Every structure is written in structure tokens, then in C-alpha cells.
Amino acid sequence: MKKTLLLLSLLATAAAVATAQNYDKSKIPPFKLEDPLTFVNGKKVRTAKDWETRRREILDIFQKEMYGKMPEDPGTIVTETLEEGPTLADFGYRKQIRMWFREDKSGPKIDWLVVTPARIEGPVPTVILLNYNGNHTVLVDDEVFVYPGYTLWNTRMHTRGELSNPDSRTIIPVDDILARGYALVTACYEDISPDPDPTSPEVEHLAYTRVFELWGERDERRTDNTTSLVAWAWGLRRGMDLIERLPELDAGNVLLTGYSRLGKAAFIASAFDRRFKVTVPNQTGGGGIPLAKHYYGENIHTEMNSFPHWYCKAYGKYADNEGALTFDQHLFASCIAPRAFLVEGFDNPWYDTESEFMCLQAASPVWEFLGAEGLPKVAWPDDYDTKAIGPTLGYVRRDLEHGISAIDWLWMLDFAEKQFGK
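Residues numbered from 1 in each chain as written. Predicted model: local features only at pLDDT ≥ 70, side-chain atom pairs only at ≥ 80, totals over all residues. Heavy atoms only, no water.

Colleague: Even after reading the chapter, I still don't get the packing of aromatic side chains, so can you show me in this structure?
Modeller: Any aromatic ring pair is given by two values, namely how distant the centres are and how the planes are angled relative to each other. Tallying each qualifying case throughout the model produces 26 aromatic pairs. Aromatic side chains Phe267 and Phe341 sit 5.9 Å apart centroid to centroid with 10 degrees between the ring planes, which places their arrangement in the stacked category. You can see Phe267 sitting in helix 6 (residues 261–272) and its partner Phe341 sitting in strand 8 (residues 340–346), a full 74 residues away along the chain. An identical accessibility class is assigned to Phe267 and Phe341; each is buried. When the ring of Tyr318 is compared with that of Phe327, the centres are 5.7 Å apart and the planes differ by 85 degrees; the resulting orientation is edge-to-face. Each member of the pair Tyr318 and Phe327 is classed as buried. (Phe/Tyr/Trp six-rings, centres within 6.5 Å; stacked < 30°, edge-to-face > 60°. Helix = DSSP H or I, 4+ residues; strand = E, 2+ residues; numbered from the N terminus. Buried < 20%, exposed > 50% of the residue type's maximum accessible area, 1.4 Å probe, protein only.)

Colleague: What is the right way to read helix 9 (residues 353–369) from this model?
Modeller: Since the α-helix turns once every 3.6 residues, residues separated by three or four places project in the same direction. Over its 17 residues, helix 9 extends 25 Å from the first C-alpha to the last, a length consistent with the 24 Å expected when each residue adds 1.5 Å. Considering bend angle alone, the principal kink of helix 9 is centred on Ala363 and spans about 35 degrees; proline Pro365 follows within four residues of it. Along helix 9, the residues that are buried comprise Thr353, Ser355, Glu356, Phe357, Cys359, Leu360, Ala362, Ala363, Ser364, Val366 and Trp367. Next to the buried residues of helix 9 lie helix 2 (48–65), helix 8 (329–334), strand 8 and strand 9 (393–398). (Expected span 1.5 Å × (residues − 1). Bend = angle between axes of the 7 residues up to and from the residue. Contact = heavy atoms within 4.5 Å.)

Colleague: Explain the side chain of Lys293 here, please?
Modeller: Positionally, Lys293 belongs in the loop between strand 7 (278–282) and helix 7 (300–306). Residue classification places Lys293 among the buried positions, given a relative accessible area of 7%. Within polar-contact distance, the side chain of Lys293 engages the side chain of Glu34 at 2.6 Å. A polar contact of 3.4 Å, which involves the side chain of Lys293, links it to the backbone oxygen of Leu325. Apart from the residues lying within four places of it in its own chain, the contact partners of Lys293 are Ile28, Phe31, Lys32, Leu33, Glu34, Glu322, Leu325, Phe327 and Asp328. (Polar contact = N/O pair within 3.5 Å; in protein donor to acceptor, adjacent residues only side chain to side chain.)

Colleague: How do you make sense of the environment of Asp224 when you look at a structure like this?
Modeller: Inspection of the secondary structure puts Asp224 in the loop between helix 4 (203–207) and helix 5 (228–245). Classification of Asp224 by relative accessible area gives buried; the value is 16%. Remark: the alpha-carbon pair of Asp224 and Tyr93, spanning 131 residues in sequence, is separated by 42 Å. Of note is the side chain of Asp224, whose polar atom sits 2.9 Å from the side chain of Arg222.

Colleague: Sorry, what's going on with the environment of Thr386 here?
Modeller: Mapping Thr386 onto the fold places it in the loop between helix 9 and strand 9. Residue class for Thr386 comes out partly exposed when judged on its relative accessible area of 39%. A sequence separation of 25 residues divides Thr386 from Trp411, and the C-alpha atoms of the two residues are 8.6 Å apart. Non-local contacts of Thr386, meaning those with residues more than four positions away in its chain, are made with Val396 and Trp411.

Colleague: Please clarify how the pattern of salt bridges should be interpreted in this entry.
Modeller: If the charged atoms of two oppositely charged side chains come close together, the side chains can form a pair. Applying the stated criterion to the full structure yields 36 salt bridges. For Arg180, the salt bridge identified is with Asp414, shortest N-O distance 2.9 Å. Within this pair, whereas Arg180 is found in the loop between helix 3 (174–179) and strand 5 (183–188), its partner Asp414 is found in helix 10 (residues 406–420), the two being separated by 234 residues in sequence. A relative accessible area of 34% means that Asp414 is categorised as partly exposed. Arg398 is the partner of Asp408 in a salt bridge, and the nearest nitrogen-oxygen pair spans 2.9 Å. (Salt bridge = Lys/Arg side-chain N within 4 Å of Asp/Glu carboxyl O.)

Colleague: Would you take a moment to explain the pairing of strand 3 (residues 109–117) for this structure?
Modeller: The two faces of a sheet get side chains in turn, since along a regular strand they alternate between them. A large share of strand 3 lies buried, amounting to 8 of its 9 residues. Bridge count for strand 3 against strand 5 is 3 bridges, and the pairing is antiparallel. Bridging from a neighbouring strand, Val115 pairs with Leu184 of strand 5. (Pairing = 2+ DSSP bridges.)

Shown next as C-alpha cells:
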């Protein structure tokens, strides 16, 4: 019965997204991208101080019109190591740390898994990302707490260490990360905000639980309420708080990543939080790196229909009306400048990899304005062609399956290594 309900739910979801998508590039309407170095009032950005003001203006636009409000940092963070011990044949050391946001340890919490190289003295550079199905999928260790799963995306019990299986379309190669002298920090995204069946009539009620409890009663009259994407990004920022608290981790050398919706979350977290030195969103899809005005593949209509809890209500007015947008994703990307930023694309028409590259081309002048190297002056690269990966800003794409694969990790870790001075 449960399998039947899941199948019906997935079919309903497919029906919801089966609206008009354009896969004919000759039918993409003409569009113009706003200059990231020009204020809304037309004034030009002339100085670094001007850019700080313009950056805040851009972040405000995206909070009001697309992603919703980014909550304030918590006034209280309490952490406790619940379990620790050696892992990976003693080459690594594992800690399971619970984080609360009230002194009495009540209410929402996030369980972080921290794995450090055992034979390298800290502090060490750190990779942080959210995982989908529980920390127990990252390591095979029996000691790692099992995340039970309770939404559409977690209807089966995921196996221990499945993300270390090289045959999986998504992997988190902890052994390779440690071998480079890095640590890993991860948590399950549903610890922060559940990601329910988008066809459920209770989708928004279910999604806005967990850490949403910290932010008071939700005012449904607002069109810029905090969304799940922003909540996950907020959670990643709390992971950065944890990194700053652990002496074995180097908070000045952190690589932030994630794929699909969690690539979006990483993108949002880095735009708001400059503590992330290197950011590598992987295969974000629409609402992430691709330009909304480049009407190809996933679009605002499908985004709002399929995942209403990911975007604020204000964004809905642009569905089937992308021409009315007075902003696009290149502006949000520019908020990461001049830090290191590599976008990894998935060469499937739904993900519109060409407009990902266009997004970075349009944002690149901000890196150059701030004294960093921009995107290499090359044509849109073919799959697996690394010519567009510059020292600070880069783009690369591949085909095959959706997820973070071994080649994606190779590209991102090599890119980060240049920033970390290793």
C-alpha cells in the first residue's frame, strides 16, 4: 500500500511539472540582464564602499522577490559531543555533535557529523555540505546515528555508508577528502526543515517546522516569508558556526558544496555569508544558477508548482511572466565576489547549462572590479572541458547522471586546493 501511495504521489508530481517547457533555443524570448555594478536607481558603482551598498540592495531584492527573508543569526548556540571514535581504519576520527538553539537544549536541533584526518595536526581545511538521507549514509560505522526518514524523499531506510559506494550516482568520498588533509562536516537537511511531498495539501505546513519554530508565528499575509531553501542555507551557516568552535578545523579555509536543491542552499548560504572561502554548487537547476530569463528547460511555473515551499509567494508573479523580472541569478552570484566560486553543471536540457555559463559571464565583472580574476574569456565549454575553470571563478559541466560524482569531487577539490594554498 505504501509503495502504491508513493507511486501515485510521484505521478502527481510529474503531472504538476508537465507544463509548457521550451527546448527550442530559437524560441527563447529576447532578454536583457541588469548590470550588477549599477544600482536600481541607475547610479554606477564606483568604489568598494559603493559595492557594499549595492550588494545589500541585491540581497534585499532576492529576499523580497524570490527566496524569502534570511533569519537573523541565533542568539544562542549550545553544542554537545554525543559520540566520538576512530573511523576509516583509524585514518579518520569521527565526532557526532548535536546543536541546539536554546540554553535548556529544547526545541529544534541539528546533528552534525564531523570527520577529521587522524594523522594530521589541525587546524585543517574543511568541506561542508548537507546530505539528503542521514549521516549514517556517509560512513559505514555502526555508531553513527540512523536518521529514520519521514518524508517523500526518505520513504525507505537508507543503508549505512551508501554514499561511499562508487556505483552510486552520488558519493561523498570521505577517504579521499581526508587523504587530502581536509575534514568533512555534514548534517541531514531534514534536521533543519523537512522536505515533504510537494503534492500534499499540507506541504507548506509540514515544511515550515523544525528550525522554523525559532522564528515565531508565520504571517501568511506576507509574500516574503522565509522558505525551505533559505532555512537550509541558514543551517549551513550554523555549520560554519560549529567549524569556528572546533580547534581542529580551519574556519578560514572552508569549501561549501551541495547538489540539486542543496546546491541551491549552498549558493544562498554563500551569497549571504562571506565566511565560506570556496563555494561549489553542483547541478542546481532552475532557481539556482541558471538564468530565469533564458526561458529554456525548468522555469518559474514548474518551480512554483512543484516546490512551493522553496520560494516565497512574491516569486509566483513571475511564473509564465519571466519578461517582467528586473533581476536574475547573475546578480545573486555576484554577491559571492571576490571569493572563489566554481559552478558544476549537469548537461541535461532541464538544467539549462548554457545559461549557467551566461550567468557567470554576466557576474564576472564584479570579480574583476574587486581585483580578482574573472571567468576565463572562453566559449561555453563542452562536457568535461575544464578551460572555463579560472583561479577564482569557474565553470565546468558533464553528462551522465544527476548527483555529485567522483569527477565532480576531483574538480572541486582541485579548485579549492588552489585557494587553500596546499
